[in-house]
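Working through the structure, step by step
Listed below, chain by chain, are the residues.
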Amino acid sequence: MDVAAMHELCASFPGAWPDNPWDHEHPVFKVGPGERGKIFAFLAADKVGVKAGATREVADEWLDRYPDDVTVMAYIGRSGWNDLALAGAIPDDELVEAVEESYRLVVSRLPKRDRPAGWEG
């Protein structure tokens, strides 16, 4: 999977929108209205950062399965965020599932009034 395909996937979720708060080459994707929107994916040329589990212990399962293609995200990794390589050994369907799970975890923590119509909880 490449970054263009990942961008398209992230944009396809209900209520998802790109933002570039740090002027990087690729955007982050948020869900929720404006200032209250929360990030569910950090895009980079060769990886995607996702909420890989509700806890660090759950997210560590990715490290065990793909030690060469998964790293704990700087600063927010302790909260279950991992970087997943786009062109490594992780199959595309698992990358898709990881982004879907990140979206689900982030949306489920939004106040009900901020959750987009059409999301499946």
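Here is a short report on the structure shown in this document. Small disclaimer: the values here were computed from a predicted structure and weren't measured. (Residues numbered from 1 in each chain as written. Predicted model: local features only at pLDDT ≥ 70, side-chain atom pairs only at ≥ 80, totals over all residues. Heavy atoms only, no water.)

Note that soluble globular proteins tend to have their nonpolar side chains buried in a common cluster. The biggest cluster of nonpolar side chains holds 34 residues, and the ones touching the most others in it are Met6, Cys10, Phe40, Val48, Trp62, Leu84 and Val99. Broken down by secondary-structure element, the contributors of at least two residues to this core are helix H1 (3-11), strand S2 (28-31), strand S3 (38-43), strand S4 (47-51), helix H2 (56-65), strand S6 (81-85) and helix H3 (92-108). At six residues, H3 tops the list of elements feeding residues into this core. (Core = buried A, V, L, I, M, F, W, Y, C linked by side-chain atoms within 4.5 Å. Buried < 20%, exposed > 50% of the residue type's maximum accessible area, 1.4 Å probe, protein only. Helix = DSSP H or I, 4+ residues; strand = E, 2+ residues; numbered from the N terminus.)

We now examine the side chain of Lys30. Locating Lys30 in the fold gives a position in strand S2. Among the polar contacts made by the side chain of Lys30, one reaches the side chain of Asp19 at a distance of 2.8 Å. Every residue in contact with Lys30, bar those within four places of it in the chain, is listed here: Gly15, Ala16, Trp17, Asp19, Gly37, Lys38, Ile39 and Phe40. (Polar contact = N/O pair within 3.5 Å; in protein donor to acceptor, adjacent residues only side chain to side chain. Contact = heavy atoms within 4.5 Å.)

We now examine the packing of aromatic side chains. The geometry of two aromatic rings is summed up by the distance between their centres and the angle between their planes. Tallying each qualifying case throughout the model produces seven aromatic pairs. Positioned above the aromatic ring of Trp62, the side-chain terminus of Arg65 is 4.7 Å from the ring centre. (Phe/Tyr/Trp six-rings, centres within 6.5 Å; stacked < 30°, edge-to-face > 60°. Lys NZ or Arg CZ within 6 Å of the ring centre and 35° of its normal.)

So, on to a negative patch on the surface. Residues Asp92, Asp93, Glu97 and Glu100 make up a contiguous surface patch of negative charge. Judged by relative accessible area, Glu100 falls into the partly exposed class, the value being 38%. (Patch = residues over 30% accessible without salt bridge, like charges linked within 9 Å, V, L, I, M, F, W, Y side chains within 5 Å. Areas by Shrake-Rupley, 256 points an atom, 1.4 Å probe, with all protein chains shown as cover. Salt bridge = Lys/Arg side-chain N within 4 Å of Asp/Glu carboxyl O. Lys, Arg positive; Asp, Glu negative; His and termini not counted. Charge placed at Lys NZ, Arg CZ, Asp CG, Glu CD.)

With that settled, consider H3. In this model, H3 (17 residues) spans 24 Å end to end at C-alpha, consistent with the 24 Å of a helix rising 1.5 Å per residue. Check the buried side of H3 and you find it contacts H1, S2, S3, S4, H2 and S6. (Expected span 1.5 Å × (residues − 1).)

Here we take up the pattern of salt bridges. In this structure the tally under the stated criterion is seven salt bridges. For Arg65, the salt bridge is made with Glu94, and the minimal N-O distance between the two is 2.2 Å. Here Glu94 lies in helix H3 and Arg65 lies in helix H2, a separation of 29 residues in the sequence. Residue Glu94 is classed as buried on the basis of its relative accessible area, which comes to 17%. Sharing partners across several salt bridges, the network here consists of Arg36, Arg113 and Asp114.

A separate point is the pairing of S2. Side chains Val28 and Lys30 of S2 all project onto a buried face; the interleaved residues Phe29 and Val31 project onto the opposite face, where all are buried too. Of the strand pairs in this sheet, strand S1 (residues 16-19) and S2 are connected by four bridges, and their pairing is antiparallel. Among the inter-strand pairings, Asp19 is bridged to a residue of S2, identified as Val28. Pairing of S2 with S3 involves four bridges; the strand directions are antiparallel. Across the sheet, residue Lys30 finds its bridge partner in S3, namely Ile39. Between S2 and S3, which pair antiparallel one after the other, the connecting turn spans six residues, and Gly32 there sits at a positive phi close to 110°. (Pairing = 2+ DSSP bridges.)

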